[in-house]
Structures are given as structure tokens and as C-alpha cells.
Amino acid sequence: MAVILPFLMGNRQLKIELEEPVVYLRGTSTSPRSHLLRGIVVLTLSKPMPVASVDIKFVCKSRTNWPEGIGPHKTKVLHDNVILELQKTLHKVDATATNLIPAGTHKWLFDFVLPYSMVETVQDDTASVYHYLSATVRRPGPSAVNLKRRREILVLRVIQAEGDDENSISSLGFTKQFPCADVTIRLDKAIVVAGTHVLLDITMTPHSKGIWLECISIVFQEYKTYCLPDYNAKRSEVMNAKVSLASATSSTDPNLQDVTLSQLHHAVNAKNAHIPLRTNPFAYQLILKIPTCHLIHHSTTWPELRFRHRIQIRIELAVPDNMDRIIAMFKIPMTVLDCRLKDDDFGLPAYQDAVMDAHASSSSSPAAIASAGHAKSCCPCYVNFQKQLRSNRKKWIMLSQPQQTMLAPPPAYEQMHPPN
């Protein structure tokens, strides 16, 4: 039977469909592993068309902005660099064969092996790293117009703490000893996702009476370094973001009677909280909210565009007969992952489940409260990312099914009833 196809023009004739629209690099940039990116190039023709070849390429590029100017005369403000480029020819016509492709839908499978050393997607105000696939249908003849299609690819890096001594939970406990008291802190993880929660245990053991807690200042710091070795250009920036307190619990004070939640909020957000250390030890679990992707970026290790993070915890104690406060300062390196990785191997619930469990009960553990509370901090890019995944999954299932032949339309009325 005849196949009835719509009349298509321009880039609607050419499409790039992917099995997965996101590339997950599950390891550091030094890992020898690789990722397999698979997809289909779809060409839909309403009439036969001569085609010389069908090519597709994967490109990873960076763009940095230098307002101060680079180069010999300091006149160049934008710099583009091709980090990685892979190309494949999917269809090529021999010189002895005909190059006419009939009408219908034509599909070409492709795959690219992407190394983990590739730079992930970075979106910054003054610099970016982006990836895309570009398909080209080349037509013979000097005046023929080629068909082109481009599709952006999101590349996310997933770093897990298992088996890494530097990021293990046991390495996140720190203690500072003073004549008046001992201060111990512990973070439950050193790898966090932007916009989620982290659990901070604070234990203070006073050695005398009259010790007061005045301040718990928690600041998230981001160090950004931009570098261009070819132009001998380098720029560094530092950003500080205040970490807010989401909730708090205590094993020694379950009902928060000795120290109320409002007092802990005052100690985190301001100074001179004047909280007496009556209990020994003074132990509380603070559930902190990591800044969202609107304030910080994910950590990177690429030398030309490197983002590093650390959390700075400053605890101030007041002692009797001493005008100077006792200051315990902790600076802990952190690894921040992209906000779209909230559901990936971190013990956090899915978005739909987290919305239903957002209101955690008071009897829940601190880790459960921290996990359930991340639903309130879902940023728009995370929601759009989940919608994109569901939409791409439906398209790939439909495209993988065998094509069904459409019935030809009935003949015209004039053919069935010719005039006398």
C-alpha cells in the first residue's frame, strides 16, 4: 500500500532522537571508564531527494567572557574553545550507485563513546561548557542546500563517596579543645547537591560554669578560577553564601526546652544569642539548607574552569571574666553536585514521593527530616529536567516501535462519479 506522509520543510525533515537525553559521568575526571551515547537520526521525506551523505558529530565546547580583555591589544573579550569533537558518517553513496532516497521515514543508528575525562556541562554568568549533536544531510551539487539539525546534550557528573577516604563520613568529624570547653562537629557527608540539606552535629562539653554560646556562623564559600594558558590570562572570584537553619533536634533535649528552636535560629543568623550551656554535653543536630543553584555552581576540576567549595563554621563562646570570646573555626572542603542530581544515588526520595512526605513528623530521625525537606527546595531547572526526561522516554518508545503503514486515502469524488 502507499504510504501517506505530511509535507515537511526545513529542519522539520531531520530529527535527532536519543535513548537518554542526559549523559551521566559516574566518576571523577581521572576515571578510565567511558559512557555510551546512543541515538537515531530520523529523516522524513515527502518526495524523493538526492543525498550524498549523512553525518553526525558530537561537540564539547567552552566559552569564556573576559571583560578586561585578552590578547596582545586586550581587545578580545570572548574566547571559544573546542574541547572534544567526534564525528561519524552514517550514510554515504558510492560513485557508481544512485544517490536518490525515496519518500518515507529513514533512520540511522549511531553511538559515541564518551570518556569520563570529558568536561561536564557548566553554566556560569561569565563562562560555560556546553555539548551538542549536529546532524547534516549533504546533497550533491554546488548549489544544493544541506539539511542540518542540532540538539543540545546535558552532561552531568556524579561523584559518590563510597570507597573514598577523603569524602568518607568518618573523616568529617573535627574537635577543637579549649580550657573552657571542647567543641566537636560532624557533617554527615562531604558530597552534597545544591539546594538539598546536610546534617551537622554540634557537641560542646563545658569544663566550668558560666559558659555561653553566642554565635554559630555557617557560611558556604565558592572559589571560581578562570584560566587561559594560551593567552596567559587568569581570574579568580570568591562568593560567600549564608547557610540557613531548616530544623534542629537533640538527643539530650528532645522537646527543645533548654534551648528553643528560635534561639538556635538567632545563633545561626545573628550574634549575641547568649545561650547558656546548662547541659553537659551540649549536643544538637542542625539541619542546614545548602544554597540553591541560583547562588552556587557545582564543583569542577577542569583547570581552565575550576569551581571549589568549602563550608566555614565559626562558633563563638563567652566565658566569665574574659572580654574576648573563644572562637572555634572549622573549614571543611565540600563537593557540590548539580541540582538536577537530587534523585541520583543519595538516599533522597523521588520528586513525587518527596512532595507527599514534605511534612515530616516530629518523631522522624534527623536524616529522614533532611531527606524529606529537600522537596521544598526544588528549583525550576530540576522540575523542567524531570519533565524533559519523561517526554524523551515517551518519544524513544514510540520511535523504537516498528513503523506502521498508513492506508491510502479514498479516491476523489470525480473519479467515482465521472460526469456523463
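Residues numbered from 1 in each chain as written. Predicted model: local features only at pLDDT ≥ 70, side-chain atom pairs only at ≥ 80, totals over all residues. Heavy atoms only, no water.

A. Up close: the nonpolar core. The biggest cluster of nonpolar side chains holds 50 residues, and the ones touching the most others in it are Met-204, Leu-213, Ile-216, Leu-286, Ile-313, Ile-315 and Leu-317. The greatest single-element share of this core, amounting to six residues, is contributed by strand S22 (residues 326-337). Those residues in contact with Leu-213 that lie beyond four places of it in its chain are Met-204, Ala-273, His-274, Ile-275, Leu-277, Phe-282, Ile-315, Glu-316 and Leu-317. (Core = buried A, V, L, I, M, F, W, Y, C linked by side-chain atoms within 4.5 Å. Buried < 20%, exposed > 50% of the residue type's maximum accessible area, 1.4 Å probe, protein only. Helix = DSSP H or I, 4+ residues; strand = E, 2+ residues; numbered from the N terminus. Contact = heavy atoms within 4.5 Å.)

B. Representation of the confidence of the model for the protein chain. Per-residue pLDDT for the protein chain has a mean of 81; in total, 75% of the residues score no lower than 70. For the protein chain, the element scoring lowest by mean pLDDT is helix H2 (residues 351-356), at 36; strand S21 (residues 305-318) scores highest, at 95. Here residues 345-364 is a poorly scored stretch, pLDDT under 50, and it has 35 contacts once near neighbours within four places are set aside; other chains count. Every residue in residues 366-377 is under pLDDT 50, and counting partners more than four places away or in other chains gives 35 contacts. (pLDDT = per-residue confidence, 0-100.)

C. Layout of empty space enclosed by the protein. Scanning the entire structure with this criterion turns up four cavities of 30 Å³ or more. In this structure, the largest cavity is lined by Glu-120, Thr-121, Val-155, Leu-156, Arg-157, Ile-159, His-298, Ser-299, Val-336, Leu-337 and Asp-338. The set of elements that each furnish at least two residues to the lining of the largest cavity consists of strand S11 (147-158) and S22. Of the residues in the lining of the largest cavity, the class split is five nonpolar, three polar and three charged. (1 Å grid on protein atoms, 1.4 Å probe; cavity = no way out; pocket = protein on both sides within 12 Å on 5 of 7 lines; lining within 4 Å. Points joined across faces, edges and corners; volume = space filled by probe spheres on them. Nonpolar A, V, L, I, M, F, W, Y, C, P; charged D, E, K, R; others polar.)

D. Representation of the packing of aromatic side chains. Within the structure shown, the criterion is met by five aromatic pairs. Considering the side-chain rings of Phe-58 and Phe-112, the 6.4 Å spacing of their centres and the 40° angle between planes classify their relative orientation as tilted. You can see Phe-58 sitting in strand S5 (residues 53-70) and its partner Phe-112 sitting in strand S8 (residues 104-115), a full 54 residues away along the chain. Accessibility assignment for this pair places Phe-58 and Phe-112 in one class, buried. Ring plane angle 50° and centroid distance 4.7 Å describe the contact between Phe-282 and Tyr-284, whose orientation is recorded as tilted. Assigned by exposure class, Phe-282 and Tyr-284 land together as buried. Each member of the aromatic cluster is reached from another via a ring pair, and the members are Phe-58, Phe-110 and Phe-112. It is Lys-88 that lies over the ring of Phe-112; its NZ or CZ is 5.6 Å from the centre. It is Lys-176 that lies over the ring of Phe-330; its NZ or CZ is 5.5 Å from the centre. (Phe/Tyr/Trp six-rings, centres within 6.5 Å; stacked < 30°, edge-to-face > 60°. Lys NZ or Arg CZ within 6 Å of the ring centre and 35° of its normal.)

E. Layout of the sheet that holds strand S1 (residues 14-18). Read across the sheet, three strands follow the order S1-S3-S8 without closing on themselves; strand pairing throughout is antiparallel. At either end of the open sheet lies a strand with only one pairing partner, and these are S1 and S8. Ignoring which end each strand starts from, the neighbouring axes of this sheet average 25° apart. Taken together, the five bridges between S1 and strand S3 (residues 34-45) define a ladder with antiparallel strand orientation. Along S3, the bridge assignment pairs Leu-14 with Leu-43. (Pairing = 2+ DSSP bridges. Axes fitted to C-alpha atoms, helices over the stretch in contact; angles between N-to-C directions.)

F. Quick look at the pattern of salt bridges. Applying the stated criterion across every chain, the model contains 17 salt bridges. One salt bridge connects Glu-85 with Lys-57, and the closest N-O pair in it is separated by 3.9 Å. Taken as a pair, Glu-85 in strand S6 (residues 76-92) and Lys-57 in strand S5 lie far apart in primary sequence, 28 residues in all. Using a relative accessible area of 42% as the deciding quantity, one classes Glu-85 as partly exposed. (Salt bridge = Lys/Arg side-chain N within 4 Å of Asp/Glu carboxyl O.)

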